[in-house]
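Topology and contacts: notes
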Amino acid sequence: GVICPWTIYQVYGDRRELGRHLPAMIRWVEWCRTHSTALIRNRDRGGDYGDWLSIGADTPRDVIGTAYFAYSTHLVAKSARALGQNNVAATYDALFEQVREAFNVAFVAADGRIKGNTQCDYAMALKFGLLSQENAARAIEYLDQDIKSRGNRLSTGFVGVSYLLPTLTAGGKLDTAFHLLLQDAFPSWLFSVKHGATTIWERWDGWTPERGFQDPGMNSFNHYSLGSCGEWLYGSLAGIGLDPAHPGYSHLLIHPRVGGDFTWVRGVLDTIHGPVRSAWSQANGSFQLDLTLPANTTATVTLPGGERITDNGRPVTAANAAGGRQAEATVEVGSGTHHFEVK
């Protein structure tokens, strides 16, 4: 009721949808406030769902409920600001900070460990901006360590899984993200593919060689939730990213993530302006990106750094690559077809 209207606005840039849904979004946040104790969600005041179908990890429900209470409040503030309702935005900005503080007091230890100590814990807290800078740095390390301790396997269910790859990427753990993406041992995204799946399963263990089929009463083999890695595939691997400051893909953040032994990637995303196409390859010390942007769009393109960068054969000056080789370089471009090459 809160996340979907905000996401729809981000994708289409239509403020009318936000205006239509904002009153209900506010009512939900106020219900959470009423059914909390000192801004902490707990089962005695209405209950919350757990991390449905997690594997080998139990994220406390009060942690999940309070984290989503904070996130919902934050999105209400951003939605009100997008609609020009700055007084409403200020009210919910303040409430977000209060819930954030309550979350830290109740659940975050002095060493930055979060109650439950699960992948879902750290992915949510990082995604929702609930931690101090110091504890955010610790949280990404704890998340990384947990994944590696499981042999580069995930443990999250519906609630936490969509945040794993984005938070690892944002936190500088791209190698771990690639290991997780390409894992085909149970539990993993590719485990079901390896065993012949053509649609996404509801459960990680919908079928296993040892146990066969799960309970048929609740074992869908065509169920999207665990397939949220798809967002990372087009948004980070192909690099077709939404710029939150420019809803509706009027300005894009093109940032292909290179790694995981991939030598080429192609992706297309149909936006409200038209299809955005990204195709990159790397070989023999050269990185190439073919990018097509529809009319009335612009993009900030982030490329691997190099000695020489060209766009359609013409040298370009990258914003942060002056003075020689850098880890990455950014270029501002307009609509049309671009062929970037980095030597």
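Rules used throughout
- Residues numbered from 1 in each chain as written.
- Predicted model: local features only at pLDDT ≥ 70, side-chain atom pairs only at ≥ 80, totals over all residues.
- Heavy atoms only, no water.
- Helix = DSSP H or I, 4+ residues; strand = E, 2+ residues; numbered from the N terminus.
- Expected span 1.5 Å × (residues − 1).
- Bend = angle between axes of the 7 residues up to and from the residue.
- Buried < 20%, exposed > 50% of the residue type's maximum accessible area, 1.4 Å probe, protein only.
- Polar contact = N/O pair within 3.5 Å; in protein donor to acceptor, adjacent residues only side chain to side chain.
- Salt bridge = Lys/Arg side-chain N within 4 Å of Asp/Glu carboxyl O.
- Axes fitted to C-alpha atoms, helices over the stretch in contact; angles between N-to-C directions.
- Parallel < 35°, antiparallel > 145°, perpendicular 65-115°, else oblique.
- Left-handed = near helix turned anticlockwise from the far one by under 90°.
- Contact = heavy atoms within 4.5 Å.
- Nonpolar A, V, L, I, M, F, W, Y, C, P; charged D, E, K, R; others polar.
- Patch = residues over 30% accessible without salt bridge, like charges linked within 9 Å, V, L, I, M, F, W, Y side chains within 5 Å.
- Areas by Shrake-Rupley, 256 points an atom, 1.4 Å probe, with all protein chains shown as cover.
- Pairing = 2+ DSSP bridges.

Focus on helix α2 (residues 15–34)
Given 3.6 residues to a turn, an α-helix orients residues that are three or four positions apart in the same direction. The end-to-end C-alpha distance of α2, which contains 20 residues, comes to 28 Å, matching closely the 28 Å that a straight helix rising 1.5 Å per residue would cover. In the structure, α2 departs most strongly from a straight axis at H21, where the bend amounts to approximately 45° and where the proline P23 lies between one and four residues downstream. Those residues of α2 lying buried are L18, L22, M25, V29 and C32. Where α2 begins, the capping side chain belongs to D14, and its oxygen is found 2.9 Å from the backbone nitrogen of R16.

A short note on the pattern of salt bridges
Scanning the entire structure with this criterion turns up 15 salt bridges. In this structure, the salt-bridge partner of D62 is K115, at a minimum N-O distance of 2.8 Å. With D62 in helix α3 (residues 61–82) and K115 in the loop between α4 (86–107) and α5 (119–127), this pair connects stretches of sequence that are 53 residues apart. Connected via shared salt-bridge partners are E141, D144, K148 and K173.

Considering the packing of α2 against α4
For the pair α2 and α4, the least separation of the axes is 13 Å and the interaxial angle reads 30°. Taken as axis vectors, α2 and α4 run roughly parallel relative to one another. Considering the relative orientation of α2 and α4, their crossing is left-handed. The residues of α4 that touch α2, namely those facing I26, V29, E30 and R33, are V88, Y92 and L95. Class assignment of the residues belonging to the contact of α2 with α4 gives a composition of five nonpolar, no polar and two charged.

A look at a nonpolar patch on the surface
Together, I8, Y12 and I272 give the surface a local cluster of nonpolar side chains, amounting to about 300 Å² of exposed area. Within the secondary structure, I8 sits in helix α1 (residues 3–12).

Considering the side chain of T297
Its place among the elements puts T297 in strand β9 (residues 286–304). Here T297 falls in the buried class, since its relative accessible area comes to 3%. Looking at T297, its side chain comes within polar contact range of the main-chain oxygen of P294, at 2.6 Å. With residues up to four places along the chain from it excluded, the contact list for T297 reads Y249, S250, L252, H273, G334 and S335.

What to know about unusual backbone geometry
The omega angle of the peptide bond from F186 to P187 is -10°, so this bond is cis rather than trans. Structurally, the position occupied by P187 is in the loop between α8 (174–182) and α9 (189–194). Phi is positive for D261, which is not a glycine, with a value near 65°. In this fold, D261 is placed in the loop between β6 (251–254) and β7 (264–271).

As for the pairing of strand β8 (residues 274–283)
Bridge analysis of β7 against β8 gives eight bridges, and the strand direction is antiparallel. Each bridged residue has a counterpart across the sheet, and for W264 the counterpart in β8 is S281. Joining the antiparallel neighbours β7 and β8 is a turn of two residues. As consecutive antiparallel partners, β8 and β9 are separated by two residues, and within that stretch N284 has a phi angle of approximately 55°, a positive value.

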